[in-house]
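Structural overview
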Amino acid sequence: MNSIIFTAAARLLVALLFVFSLFMLLRGHHLPGGGFIGGLIGAVAFIVYSLACGPAEARKALRITPEVIAMLGLGIALLAGMFSFFMGDPFFTGQWYWVGGDSYDTAAFSVNTVLVFDIGVYLVVLGGILSLTYAFEEET
Amino acid sequence: MAEHSDPNAPWKTVSGIGTSGVTALLFVFFLQYLPVIAAGETVRWVVPWIPSLDINLTFWIDGLSLMFALLITGIGAMVMLYAAKYLAGHPQYDRFALYLFSFMLSMLGLVLADNLIALFVFWELTTFTSYLLIGFSHADPKSRRNALQALLLTAAGGLALLAGFIMLGITQGTFEMSEITASGSLVGKEFYTLILFLVLAGAFTKSAQVPFHFWLPNAMAAPTPVSAYLHSATMVKAGVYLLARMHPALSGSDLWIWILSIFGAVTAVFASFMALRQTDLKQTLAYTTLMALGTLVMFLAGSTGYAITAAMTFLLVHSLYKAGLFLTIGIIDHATGTRDANVLGGLRAAMPITAMAAAAAGLAMAGIPPFLGFIAKEVAYAGALEMRLMVFVVPMALIAFALMFAVAGIVAYKPFYGPQGKLPHKPHEGPWPMLLGPVVLGTLGLAFGLLPGLSAYYLIEPAVNAVMGAPDRGGRVKLWAGFNLPLLLSLITFALGFVLYAKHQALRGLLARIEARGPDLDAGWDVFLERFMAFTKVQTKLIQTGVLRQYMFATFAVFAVTVFVTLVTRNVGGVRLALGGLSFMEWGVALLIIAGTVLVLLTSSRIMALVALGVVGIGVALIFIMYSAPDVAITQLLVELLVVVLLALAFLKMPNLDPTGAQKHSFLNATLAISVGVLTSVVVLLVVDQPFDRRLTTFFEATSWTEAFGRNIVNVILVDFRTLDTFGEIAVVLIAALGAFVLLKGAAKARAAKEEKE
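Small disclaimer: the values here were computed from a predicted structure and weren't measured.

1. Some points on the overall build of chain A
Helix and strand content of chain A: five helices and two strands. For chain A, the sequential pattern of α-helices and β-strands runs α-α-α-α-β-β-α. Counting across all 140 residues of chain A, residues that qualify as buried make up 45%.

In structure tokens form, the structure reads like this:
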């Protein structure tokens, strides 16, 4: 699309959308959002970029091929689920660790496998949709 | 690639010697159980595998499995050593060593497994590995075809066997074979007949009983060491092993006695005539293997001590002499370049050790005292005389054994002492790794015969006890049992065999003429396979049209019909449409959605249709917002957006809708669309009409924060309570994306190739 206005605006929009997607991912546990929605927004960000600058440029900006991102995401989700296995809990039981306290209320923040799993979801959705879109765009 | 690596690389030889060494160690490992098992004990290891389904990796050593394990590892070690020399320099020798070793392990698992499901898995593993071995010369289409034939036939039997095992396990309440056989005979119990037929289907295809016999001679396409291994102690004996293993549970009924006697006897006699008819020594041995399998099945029909002792003794002696003879034929083939019985002769001077080994194996096969073969034959006659179908079994056994005597002369005597024809190469003695096997096996056949008490105590009687399911009195394996009817029958056998050997050239012509008249099952197999393929092709064309619209039509039609039938048969009553309580905004959204739908149907522009669909989607998202489901609404909006982008990209490459605006909406499509719409609405209204079950909602509301530390219940369900579902979903997302990616890239590549061509 040869529109200077769109190309210029897209650069700004992409960064905002991308940050927003991460924001949605992280806040998902308490407020509307999460890995699925975050991944969709992230995909939209890169799609806007590819519409503005072409799929080749967008691929370069992504650095890793979207298929690899999606597969990595599935792997991360699986590992997050398997972690509980090693702790003696059933498959996919969420594991929580508190930093600076001993419960959710007193701790400064928590480290947990649930968020890791959600990151996996985010990456699968992002990579899956981008792989589809790019393939469509490049199909001439 | 293996094809390009150095065929003489030292690690290839090591891979052969190494596997042989490991197998030999396994043999020694099993040797230590001889005194334990002979004392009447059994050994059991249990490894839980799928405990929730009662499937365990249970290994059980009793007399029967120990005899098999020793034969498998002992003969296996010698065959692997032999193959290292036989196939030395073959570019794919390493692959061969892997196949052979895997086959050995599968076979070992088969005879040691106590759990029926584990046994089945090993059973199929032997099928697959033997497929690889038979088709090892994969450049030869005949070899591939024969391997496939063996695979399909034995795997089909394997499926029947699985069904039989599952029925057996469910009706008996346990999948452990030791428990099933210990709980006594199944004869007369529920499903006995069906179980018997299914198990027999598996055993008879694996052990190549007539009329499933034709794959076995064809399997000779494999290199000789494979034939020596598969057709002596292993693969084909798996069926016999299964029948012996199941003997306590399934034997004794009229059905068992009649089927096993008749199939076994017919196989034995048919195969021994066919063996006499062949001129290729390897084919001759293949048919004698069939004869041995028939004989074993025939004796397993009986339940008396003599019949079972006959089966076990014959099993042991056959494994020893058959492996030895196959290996000998391999040496001859290697040294002279031919296996033709008419040409080979006078090799004794050039190959003295091979001649000795072959003589030992041949004498055992012919059943000459003091070899173990003689004892086996004596016991066999004693067993046959005790059997229910004695009048049928004894003459059949006599014919088979007499023919065996003649065939033993053809394979073990004539090539070394007979008149020599024109040989392709000048004969020379084989190297020691190839001679070791035949010499050891021949010696064992003699030693076991000279020490009948010892071989009976350690090997044969424990196996007999296992098959009988109860301790047997023993003492039947004797070199000299006095002047009795079996001895007389033996003498008749020798006389008859001698005559048959003397006249075998004349007989061969006669048999060839008879064979030409009979039905050719092997050719019939090809016809069957061809017709079957043609049928599947027609069927695939009918069901898989490749037109997306037809798939969607079928999917929605099935949905509509099933929902409609359910609604009618369940008699759900009326549908209540309460429109009174709708607010102004809700009416607005509903009208928006309806307007969008109508526009999609009427427009002739793709872009317009796309936008109208978007309106419908956004309307749905608005509904989600109105009923405070922000997560779902956001997802809906984003998906709607992405669909627009993707479809717009796709539309760039598609022609416009019919520009006249008069595109044909087929009546059928419209009917289907309307029925699906109406039915879905009815179902939704019916569901909404039910009182809402709040149990799950209450649970999630109560535990979302306390147990999962999250306030957004939707997200907590996705990533904590129902993680496995989510994991499945993202896996589907990934697979769908990769699938579409491959399709698009593949289409692009195909188009590029086509353009280049033009």
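So, next bit.
2. Here's the deal with the overall build of chain B
The number of helices and strands found in chain B is 30 helices and two strands. Rg of the C-alpha trace for chain B: 35 Å, well past the compact-globule value of 27 Å for 758 residues, more than 25% over. On the principal axes, the C-alpha backbone points of chain B span a range of 110 × 70 × 50 Å. In chain B, the proportion of contacts linking residues at least 24 apart, taken out of those at least 6 apart, comes to 79%.

3. Details of the pairing of strand β2 (residues 55-61) of chain B
All names here are of chain B. Most of β2 is tucked away: five of the seven residues are buried. Relative to β2, strand β1 (residues 43-50) is paired through seven bridges, and the arrangement is antiparallel. Paired with tryptophan 45 across the two strands is phenylalanine 59, which belongs to β2. Counting the residues that bridge the hairpin from β1 to β2 gives four residues, and of these aspartate 54 lies at a positive phi of roughly 65°.

4. Notes on the confidence of the model for chain B
Close inspection of predicted coordinates is inappropriate for parts of the model with low pLDDT. Across chain B, pLDDT averages 87, with 97% of residues at or above 70. Of the two predicted TM-score estimates for the complex, the pTM is 0.76 and the ipTM is 0.91.

5. Description of helix α6 (residues 141-172) of chain B
The end-to-end C-alpha separation of α6(B) is 45 Å, in line with the 46 Å expected for 32 residues at 1.5 Å each. One or two positions beyond α6(B), positive phi appears at B:Gly173, with a value near 80°.

6. Remarks on the environment of B:Lys12
Residues and elements named next belong to chain B. By the secondary structure assignment, lysine 12 is in helix α1 (residues 10-31). As for lysine 12 and alanine 512, which are separated by 500 residues in sequence, their C-alpha atoms are 44 Å apart. Once residues within four sequence positions are removed from consideration, lysine 12 is found in contact with Tyr93 and Asp94.

7. What to know about the interface of chain A and chain B
In this complex, chain A contributes 39 residues to the contact, which on the side of chain B involves 37 residues. Sorting the residues of the side of chain A that touches chain B by element identifies α2 (35-53), α4 (66-86) and α5 (113-138) of chain A as the ones contributing at least two each. Per-element accounting of the side of chain A that touches chain B gives the leading share, 14 residues, to α5(A). A class-by-class count of the residues in the side of chain A that touches chain B yields 25 nonpolar, 10 polar and four charged.

8. A look at the environment of B:Ile117
All names here are of chain B. Tracing the chain through its elements places isoleucine 117 in helix α5 (residues 116-134). C-alpha separation for the pair isoleucine 117 and glycine 169, spaced 52 residues apart in sequence, amounts to 9.1 Å. Look past the residues within four positions of isoleucine 117 in its chain and what remains in contact with it is Ile55, Phe165 and Phe175.

9. Focus: helix α28 (residues 695-708) of chain B
All names here are of chain B. Its 14 residues place the ends of α28 18 Å apart at the C-alpha level, agreeing with the 20 Å of an ideal helix rising 1.5 Å per residue. At alanine 702, α28 is deflected by roughly 35°, the largest bend along its length. Within two residues after α28, phenylalanine 709 carries a phi angle of roughly 55°, on the positive side.

10. Section: the packing of helix α4 (residues 93-112) of chain B against α5(B)
All names here are of chain B. As a packed pair, α4 and α5 sit with axes 8 Å apart at the nearest point and diverge in direction by 155°. Our classification of the angle between α4 and α5 gives roughly antiparallel. Viewed along their axes, α4 and α5 form a crossing whose handedness is left-handed. Across the interface between the two elements, Tyr99, Leu100, Ser102, Phe103, Ser106, Met107, Gly109 and Leu110 from α4 touch Leu119, Phe122, Trp123, Leu125, Thr126, Thr129, Ser130, Leu132 and Leu133 from α5. Considered class by class, the residues forming the contact of α4 with α5 number 11 nonpolar, six polar and no charged.

11. Details of unusual backbone geometry
Residues and elements named next belong to chain B. Residue valine 210 is joined to proline 211 through a cis peptide bond whose omega torsion reads 10°. Along the polypeptide, proline 211 turns up in the loop between α8 (192-206) and α9 (215-218). The residue after proline 369, namely proline 370, is reached through a cis peptide bond having omega 5°. Its location among the elements puts proline 370 in the loop between α15 (352-366) and α16 (372-386). A positive phi angle, close to 65°, is found at phenylalanine 191, a residue other than glycine. Summarising the element assignment, phenylalanine 191 is placed in the loop between α7 (177-182) and α8.

12. Focus: the environment of B:Asp254
Note that B:Asp254 resides in helix α12 (residues 254-277). Considering only alpha carbons, one finds B:Asp254 and B:Phe270, 16 residues apart in sequence, at a separation of 24 Å.

Reading guide: rules and limits
Residues numbered from 1 in each chain as written. Chains lettered and ligands numbered in written order. Predicted model: local features only at pLDDT ≥ 70, side-chain atom pairs only at ≥ 80, totals over all residues. Helix = DSSP H or I, 4+ residues; strand = E, 2+ residues; numbered from the N terminus. Buried ≥ 20, exposed ≤ 12 C-beta atoms within 10 Å, placed from the backbone. Rg over C-alpha atoms; globule rule 2.2 N^0.38 Å. Contact = placed C-beta atoms within 7 Å. Pairing = 2+ DSSP bridges. pLDDT = per-residue confidence, 0-100. Expected span 1.5 Å × (residues − 1). Nonpolar A, V, L, I, M, F, W, Y, C, P; charged D, E, K, R; others polar. Bend = angle between axes of the 7 residues up to and from the residue. Axes fitted to C-alpha atoms, helices over the stretch in contact; angles between N-to-C directions. Parallel < 35°, antiparallel > 145°, perpendicular 65-115°, else oblique. Left-handed = near helix turned anticlockwise from the far one by under 90°.

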